[in-house]
Amino acid sequence: MKIEAAKTLNEVEFAATADVIIVGLGGAGASAAIAAAEAGADVLVIERTSGGGGSTAMSGGFIYLGGGTPPQKANGFADTPENMARFLKATQPKAAMDKIDAYCVGSVGHYDWLMSLGVTFNERYFDGKHFHPHSDETLVWTGSEACWPLSEAAEPIPRGHKPGGGFVGHLLFSRLLYRIEGLGIRIIYDAAVNALVSDASGAVAGVQYRQEGRNLAVAARKGVVLATGGCEWNRELGLAHGSKGVRDGVAPLGVPTADGAGIELGQSLGAAITGLEHSMVTSPFYPPASLVKGILVNSEGRRFVAEDVYHAWSTDAILNQPDGKAYLICDNVNFGRPELGDIRSERKHEVVDAWDNIPEMEADLGMPEGSLVETIGNYNRYAATGHDEEFRKNPKWLAPISEIPFAAIDCSVGSAYFCCISLGGIHTDVDGRALKPDGTPVPGLYAVGQVAPNLSVEGWGYASGLLIGGATFFGRRAGNAAAADTVRDGLGAGPGCPEIPADAA
């Protein structure tokens, strides 16, 4: 979609007005709309597609919550906001610390808010190693909390909360949409916002959107909230910023409208951008969980990461290896076929071959003579003692590689299935205000969800549920802030500025 330069008031004729305009109806936009309306604002949502949902609706539905939620307490996990913050700060040292603190302090309250919308959590706990469990336990591990050295930064506690079995992002979004409809919030579908409108002071005055081949403009008396999603489908933008997520062999994950349109809209009014070099890239080699007992080695036959870390971390480590080459080595006891693949291209982790001895495997994989033999010898010694001297892999996942046949599973970029989501975007404060390069706000402009990084800044430390958790939590904050923003006189409906016709809302 082509984004135009920001418009001035004398370049548009407003067709309608609202206190707060939300651009994008995913998890972030829906949460912002609900909060703004509940705070008394007249809210209008403009959505590019025919039904909304965004990446939230197509996701697994994990929400990262902690600090003492009911499911945590029911399963004996004594989490606190401080402990949760220590973990997130260790995994996301480039994130805004005030955002992490706010999220951790408000996490239990956010759980209660989701429950009030009808998002149903139970108090059951899933303790297995997974990519996405299809059972319906709410509480699961979705990060590297139990992995060294993070296990020493904070007490390891699970914080993934899932409202149902399987991929349930659509169920989560349906509860948000139900509340929006109950509040009578107006929505314009199939409308692509292609420009912001500003007044003489540089404050946001509204938006221009394109629908059915024509441009229309809507005035915002208080503010505009950008909630348009990420930019993983904008390859040119990713390449320009050196993102790992746009390299060959890595597919974008998310809705095709995650093309960076919101980032360009923010920039058109002087908003700063940050973190576009970062992506969360994933290529889970498990389940089955038995594969975690194998070892990941590079083309030199050397280990480079603890295999029990969450898949975002192990994938990031693979990306950093020479030529992105990596193999998972396992034996007859822990062998299994990775379950995750790309149904669009049929790309998945394939078994290279099986061998009766390690030297032949080493030679066939083109590794330096003796390298893999030495690596496996050391690893078997660690398994015997229960202590991984190289990467401190949890003893639970240490097992010797000793029973023939031995197998190598190709985990290389370009061979296995790799996919990514973007993490960078518009620079914002804790209430979602879009900030200029000098740190001052763009008056009346807000950004939430994947269009603005909050909790997830570095891909290696990602924990599933941080994006939806951050989108909905900071969406609420932005909606409240926008509803309390200054009223800009002279932008209300009047002659030449009728309300939206009933058949368009």
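Residues numbered from 1 in each chain as written. Predicted model: local features only at pLDDT ≥ 70, side-chain atom pairs only at ≥ 80, totals over all residues. Heavy atoms only, no water.

A closer look at the sheet that holds strand E5 (residues 139-140)
Here three strands make up an open sheet; going across it, the order is E4-E6-E5 and the pairing antiparallel. The two strands at the open ends of the sheet, each matched to only one other strand, are strand E4 (63-64) and E5. Bridge count for E5 against strand E6 (residues 160-161) is two bridges, and the pairing is antiparallel. What sits directly across from Leu139, in E6, is His161. (Pairing = 2+ DSSP bridges. Helix = DSSP H or I, 4+ residues; strand = E, 2+ residues; numbered from the N terminus.)

What to know about the sheet that holds strand E14 (residues 295-297)
One open sheet holds the four strands; their spatial order is E14-E15-E19-E18, and the pairing between them is antiparallel. Taken across any chain shown, the strands that pair with only one partner, and hence form the sheet edges, are E14 and strand E18 (351-355). Strand after strand, the sheet turns through a mean of 25° between neighbouring axes, direction not considered. When strand E15 (residues 327-330) meets strand E19 (residues 406-410), the two strands line up antiparallel, connected through four bridges. Bridged to Cys330 within E19 is Ala407. Contacts between helix H13 (residues 371-385) and the sheet are confined to E14 and E15, with E14 contributing the most and set at about 155° to the helix. (Axes fitted to C-alpha atoms, helices over the stretch in contact; angles between N-to-C directions. Contact = heavy atoms within 4.5 Å.)

A word on a negative patch on the surface
A surface patch of like charges, here negative, comprises Asp353, Asp356, Glu360 and Asp364. On the secondary structure map, Asp364 appears in helix H12 (residues 358-364). (Patch = residues over 30% accessible without salt bridge, like charges linked within 9 Å, V, L, I, M, F, W, Y side chains within 5 Å. Areas by Shrake-Rupley, 256 points an atom, 1.4 Å probe, with all protein chains shown as cover. Salt bridge = Lys/Arg side-chain N within 4 Å of Asp/Glu carboxyl O. Lys, Arg positive; Asp, Glu negative; His and termini not counted. Charge placed at Lys NZ, Arg CZ, Asp CG, Glu CD.)

Side note on the pattern of salt bridges
Applying the stated criterion to the full structure yields 19 salt bridges. Salt-bridge contacts for Arg221 lead to Asp19; the nearest nitrogen and oxygen are separated by 2.9 Å. Here Arg221, found in strand E10 (residues 214-226), pairs with Asp19, found in strand E2 (residues 14-23); they are 202 residues apart in sequence, far enough to count as distant. When its relative accessible area of 11% is taken as the criterion, Asp19 is described as buried. Connected via shared salt-bridge partners are Arg303, Glu307, Asp388, Glu390 and Lys393. (Buried < 20%, exposed > 50% of the residue type's maximum accessible area, 1.4 Å probe, protein only.)

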